[in-house]
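Structure assessment
The chain contents come next:
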Amino acid sequence: MPLPKIKEVRAFVVRGGGGADYHDQGAGHWIDDHIATPMAKYPEYRQSRQSFGINVLGTLVVEIEAEDGTIGFAVTTGGEPACYIVEKHLARFLEGRDPAEYEKIWDQMYFSTQYYGRKGLVVNAISGVDLALWDLIGRLRQEPVHHLLGGAVRDELQFYATGARPDIAKQLGFIGGKLPLHHGPAEGEEGLKKNVALLADMRARCGDDFWLMYDCWMALDVNYATRLAHACHAHGLKWIEEAISPDDYWGYAELKRNVPAGMLVTTGEHEATRWGFRMLLEMDCCDIIQPDVGWCGGVTELLKISALADARGKLVVPHGSSVYSYHFVVTRHNSPFAEFLMMHPGPTEVVPMFAPQLLGEPVPVNGRIRASALDKPGFGVELNREIPLHRPYTH
Ligand SMILES: C[C@H](O)[C@H](O)CC(=O)C(=O)O
Ligand SMILES: [Mg+2]
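Residues numbered from 1 in each chain as written. Chains lettered and ligands numbered in written order. Predicted model: local features only at pLDDT ≥ 70, side-chain atom pairs only at ≥ 80, totals over all residues. Heavy atoms only, no water.

- Per an unreviewed UniProt entry, the protein goes by L-rhamnonate dehydratase and derives from Sphingomonas canadensis.
- Per UniProt, the comment on the protein under Catalytic activity (unreviewed entry) is "L-rhamnonate = 2-dehydro-3-deoxy-L-rhamnonate + H2O". (UniProt positions renumbered as here; feature names shortened; annotations may be inferred.)

Comments concerning the overall build of the protein
- Each helix and strand in the protein was counted, giving 11 helices and 14 strands.
- Since a compact globule built from 395 residues should have a radius of gyration of about 21 Å, the 20 Å found for the protein is in line with a globular shape.
- For the protein, the spread of C-alpha atoms along the principal axes amounts to about 60 × 45 × 40 Å.
- Each of the 395 residues in the protein was classed as buried or not, and the buried ones make up 59%.
- Pairs at least 24 residues apart make up 73% of the contacts formed inside the protein by residues separated by at least 6 positions.
- When the accessible surface of the protein is split by element, carbon and sulfur atoms take 52% of a total near 14800 Å².
- Charge centroids of the protein, computed over 38 positive and 50 negative side chains, lie 2 Å from each other. (Helix = DSSP H or I, 4+ residues; strand = E, 2+ residues; numbered from the N terminus. Rg over C-alpha atoms; globule rule 2.2 N^0.38 Å. Buried < 20%, exposed > 50% of the residue type's maximum accessible area, 1.4 Å probe, protein only. Contact = heavy atoms within 4.5 Å. Areas by Shrake-Rupley, 256 points an atom, 1.4 Å probe, with all protein chains shown as cover. Lys, Arg positive; Asp, Glu negative; His and termini not counted. Charge placed at Lys NZ, Arg CZ, Asp CG, Glu CD.)

Some details on the layout of surface pockets
- Considering only enclosed or pocket space, the largest pocket measures out at about 630 Å³ in volume.
- If you go around the largest pocket, you meet 25 residues; those closest to its centre are L57, N124, W217, H270 and W295.
- With three residues, the single largest contributor to the lining of the largest pocket is helix 3 (residues 120-141).
- Of the residues contributing to the lining of the largest pocket, the split by class is 13 nonpolar, seven polar and five charged. (1 Å grid on protein atoms, 1.4 Å probe; cavity = no way out; pocket = protein on both sides within 12 Å on 5 of 7 lines; lining within 4 Å. Points joined across faces, edges and corners; volume = space filled by probe spheres on them. Nonpolar A, V, L, I, M, F, W, Y, C, P; charged D, E, K, R; others polar.)

Observations regarding the pairing of strand 2 (residues 59-66)
- For strand 2, the tally of buried residues reaches eight of eight residues, placing the bulk of the element in the interior.
- Burial of strand 2 is two-sided: the residues T59, V61, E63 and E65 facing one way and the residues L60, V62, I64 and A66 facing the other way are all buried.
- Two elements, strand 1 (residues 6-14) and strand 2, share eight bridges in a ladder whose sense is antiparallel. Of the residues in strand 2, the one forming a bridge with V9 is I64.
- Direction of pairing for strand 2 relative to strand 3 (residues 71-77): antiparallel, over a ladder of seven bridges. By the bridge assignment, T59 is partnered in strand 3 with T77.
- Counting the residues between successive antiparallel strands, the hairpin from strand 2 to strand 3 contains four residues, one of them, G69, with a positive phi of roughly 90 degrees. (Pairing = 2+ DSSP bridges.)

Re the coordination of the magnesium ion (ligand 2)
- The magnesium ion (ligand 2) binds to the protein through D215 (OD), E241 (OE) and E269 (OE), with metal-donor distances spanning 2.0 to 2.1 Å.
- Of note, the magnesium ion (ligand 2) draws all its donor residues from one chain, in the sequence arrangement D-x25-E-x27-E. Of this pair, D215 sits in strand 6 (residues 211-215) while E241 sits in strand 7 (residues 237-241), placing them 26 residues apart in sequence.
- With relative accessibility at 11%, the residue D215 sits in the buried group.
- Under the relative-accessibility criterion, E241 is labelled buried at 0%. (Donors = N, O, S within 2.8 Å, 3.2 Å for Na, K, Ca; no water.)

Some remarks on unusual backbone geometry
- Backbone torsion omega between G346 and P347 reads -10 degrees, so that peptide bond is classified as cis.
- P356 follows A355 through a cis peptide bond whose omega is 5 degrees.
- Structurally, the position occupied by P356 is in the loop between strand 11 (338-341) and strand 12 (358-359).
- Look at R118: it is not a glycine, yet its phi comes out positive at around 85 degrees.

Observations regarding empty space enclosed by the protein
- One pass over the full model with this rule turns up five cavities of 30 Å³ or more.
- In this structure, the largest cavity encloses a volume near 150 Å³.
- As for the largest cavity, its lining consists of 16 residues, of which H23, R49, T162, D215 and W217 are closest to the centre.
- Among the elements of the structure, strand 5 (176-180) and strand 11 are those that each provide at least two residues to the lining of the largest cavity.
- Considering only residue class, the lining of the largest cavity consists of eight nonpolar, three polar and five charged.
- When its volume is computed, the second largest cavity comes out at roughly 70 Å³.
- Lining the second largest cavity are 14 residues, with T76, D292, W295, S321 and F354 sitting closest to its centre.
- Here the lining of the second largest cavity takes three residues from strand 3, the largest share from any one element.
- Residues that form the lining of the second largest cavity fall into these classes: eight nonpolar, five polar and one charged.

Quick notes on the pairing of strand 6
- Judged by how many residues are buried, strand 6 sits mostly within the fold: four of five residues are covered.
- Where strand 5 and strand 6 come together, five bridges link them in parallel fashion. Bridge pairing in strand 6 links L179 to Y214.
- In this fold, the crossover linking strand 5 to strand 6 by way of helix 6 (residues 188-206) has right-handed handedness.
- Alignment of strand 6 against strand 7, held across four bridges, turns out to be parallel. Residue L212 lies in a different strand from strand 7, and its bridge partner there is L237.
- The β-α-β motif built from strand 6, the intervening helix 7 (residues 222-233) and the parallel element strand 7 has right-handed crossover chirality. (Right-handed = clockwise from strand over helix to strand, strands pointing away.)

Here is the structure:
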């Protein structure tokens, strides 16, 4: 049964905090409190990621309307520049087409932009369109996206929490806590000792059986990361995440050889497409890949990335992206748990990850979400139309 054709693609920017642009938070939020970054070698950019422009783009909302008036939508990052790409370039590959042609549409979006795209902003924009297309297909077929991906392989999702308080995450029922690393190489041996001391403190608060991880947000070099990994081994660090530049595949391969036996190396949230992940996998850069479904090329591309990982016995644990990753994770055997990014400033409470943009977003209770909570058409969430949606370009 053919689906109604696509009538119009629209792209909006949302400014002013929260949601997909999760780094755009007010003062005092844990996510912007002296976190190690590649810019921390400059003292003036060390305390706040917003100081070097982490929140400069804003959120991208893509809407795709079918001829029968059904609207699919998705939220990711990319803001106004991504709106331009969606409206002026990508929309032509959707309008007038059958929404079920997502493979051909993805291929045309990717290869038509390849001369200026391949990663980063352009693939953010492609991901936003792809997710809105899957949402539209689900709404038109009255099926949740996870059905379209093959159906749930387990009854519930279980989560680890990312935030500054793994001890509270444990009380809230999560299976683990991922801390942001605070000090990078520019803060020397003293900074390294502080990093280890924080982990030791959290280990003492959480007990031995709780997973603890460090997210290094691309801030380190191989030598520092190796020394950090060995120093943290005594405190049961489960994995070291995104320790070095995402371009340094050779460095990741070396780090993976260097870390203590049993410690995992993870990365990939700033990687994109099957070709980028093929490099990580074939060069044996890591144990777990962490694509962000809103940045890596969308669900269409994540399926290919995941198959590559599966064939090599690697896990895929997407970077926290709310319902956009939940519908995928629940359908894959090699995605046994998911990330929940704690967006409460403390973070002492579970709050929706993509607030205020999404309505009806499921959140973990006792560190879990039942698969049945995802049983609504599309991605099962609504766009909050109370927030200011600005459409800077049309076509
Ligand atoms: C906490 C990290 O620095 C970053 O903000 C989020 C992230 O990389 C992750 O959730 O993973
Ligand atoms: Mg990370």
